[in-house]
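# Observations on the model geometry
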Amino acid sequence: MISNYLSIAQLYLPENAVAEQLSNLEHYLAESALPAVRWEYQIPELGEGGACSLFGYLQDEPFKLNDYVADDATNTEKLAKLQQIIDFVVAQTQVDWFGIYQATETSEGRQLLKLVYHGAPSRPLFPLTEAFAKGSNNVQVALSKQGRVINNVADYLAQGGEYYTCDPKVKAETCLPLLSDKNECLGIIDAEAFNNDFFDQQTLALLVACCIKIPQLLV
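Bear in mind that the values here come from a model prediction, so they are computed numbers and not experimental data.

The rules behind the values
Residues numbered from 1 in each chain as written. Predicted model: local features only at pLDDT ≥ 70, side-chain atom pairs only at ≥ 80, totals over all residues. Heavy atoms only, no water. Helix = DSSP H or I, 4+ residues; strand = E, 2+ residues; numbered from the N terminus. Rg over C-alpha atoms; globule rule 2.2 N^0.38 Å. Buried < 20%, exposed > 50% of the residue type's maximum accessible area, 1.4 Å probe, protein only. Contact = heavy atoms within 4.5 Å. Areas by Shrake-Rupley, 256 points an atom, 1.4 Å probe, with all protein chains shown as cover. Lys, Arg positive; Asp, Glu negative; His and termini not counted. Charge placed at Lys NZ, Arg CZ, Asp CG, Glu CD. Polar contact = N/O pair within 3.5 Å; in protein donor to acceptor, adjacent residues only side chain to side chain. Pairing = 2+ DSSP bridges. Salt bridge = Lys/Arg side-chain N within 4 Å of Asp/Glu carboxyl O.

## So, the overall build of the chain
Each helix and strand counted, the chain has 7 helices and 10 strands in total. The C-alpha radius of gyration of the chain comes to 16 Å, within 12% of the 17 Å expected for a compact globule of 219 residues. Principal axes of the C-alpha set define a box for the chain whose edges measure 45 × 45 × 30 Å. By residue count, 50% of the 219 residues in the chain fall in the buried class. Sequence-distant contacts in the chain: of pairs separated by 6 or more residues, those separated by 24 or more amount to 60%. Counting only carbon and sulfur atoms, one obtains 47% of the accessible surface of the chain, whose full area is about 10,600 Å². A gap of 3 Å separates the mean positions of the 14 positive and 28 negative side-chain charges of the chain.

Pasting the structure below:
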């Protein structure tokens with residue numbers, strides 16, 4: 001399972017490091033109490049063209065997750081466990097932003113839907129289209145199933161990489177796919193840090209471990 005994931009996502013990490021982190025994660029999920037679930041959260045205004053959040057400006061109305069996910073006992077438990085994973089990663093790494101997105105059919109087409117997160121308010125939906133992928137790491141990863149690790153956003157931009165800077169404090173970002181047993185992309189995780197070179201081998205191994213576990217908990 002780990003070997004298959006690393007191959008598809010094109011990540012080069014020791015399998016034993018991922019296995020160790022997965023064991024740690026499983027232990028935490030089994031032993032810790034379930035956190036509360038946020039069915040509503042604040043979201044930012046969208047910038048020009050709608051491709052990026054307008055940092056620092058929030059919409060008046062909160063985003064209602066239950067417009068897209070049934071608010072029932074089963075989904076509440078799954079979302080709580082996903083939030084547990086968020087909490088564990090934040091505690092272990094002190095990452096500044098971390099979110100889990102699920103590919104979802106909506107009235108406006110197939111999109112990435114943000115289920116749970118830690119950090120500043122951010123956009124809740126990303127259209128899963130080739131056009132949108134040109135400026136979105138999230139969508140690029142979802143469509144390609146290949147992970148993206150950018151440990152220095154400034155250098156990446158200087159080398160001609162496309163990147164929409166929503167929060168200017170972000171200096172490093174990792175996006176990884178969530179895969180089904182049939183290697184279909186079910187969604188992505190997105191992690192952002194305010195320091196360069198944040199995503200070392202140990203941190204990436206933990207994020208991959210999360211990607212192994214999360215598909216079992218999607219709603």
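On we go.
## Some points on the side chain of Thr106
For Thr106, the location among the structural elements is in strand E5 (residues 97-106). Assessed through its relative accessible area of 16%, Thr106 is described here as buried. Within the structure, Thr106 has its side chain in polar contact with the backbone oxygen of Gly109 (distance 2.6 Å). Side-chain polar atoms of Thr106 contact the side chain of Gln111, separated by 2.9 Å. Excluding residues within four positions of it along the chain, Thr106 makes contact with Tyr68 and Gln111.

## Topic: the pairing of strand E10 (residues 185-193)
Most of E10 is tucked away, with 8 of its 9 residues classed as buried. One ladder, built from 6 bridges, connects E5 with E10; its direction is antiparallel. Of the residues in E10, the one forming a bridge with Gly99 is Asp190. Here strand E9 (residues 172-179) hands over to E10 after 5 residues, with Asn183 in that stretch at a positive phi of 65°.

## Here's the deal with the pattern of salt bridges
On inspection of all chains with the given rule, the structure shows 3 salt bridges. Arg110 is the partner of Glu105 in a salt bridge, and the nearest nitrogen-oxygen pair spans 3.2 Å. Residue Glu105 is classed as exposed on the basis of its relative accessible area of 56%. The class of Arg110 is partly exposed, set by a relative accessible area of 38%.

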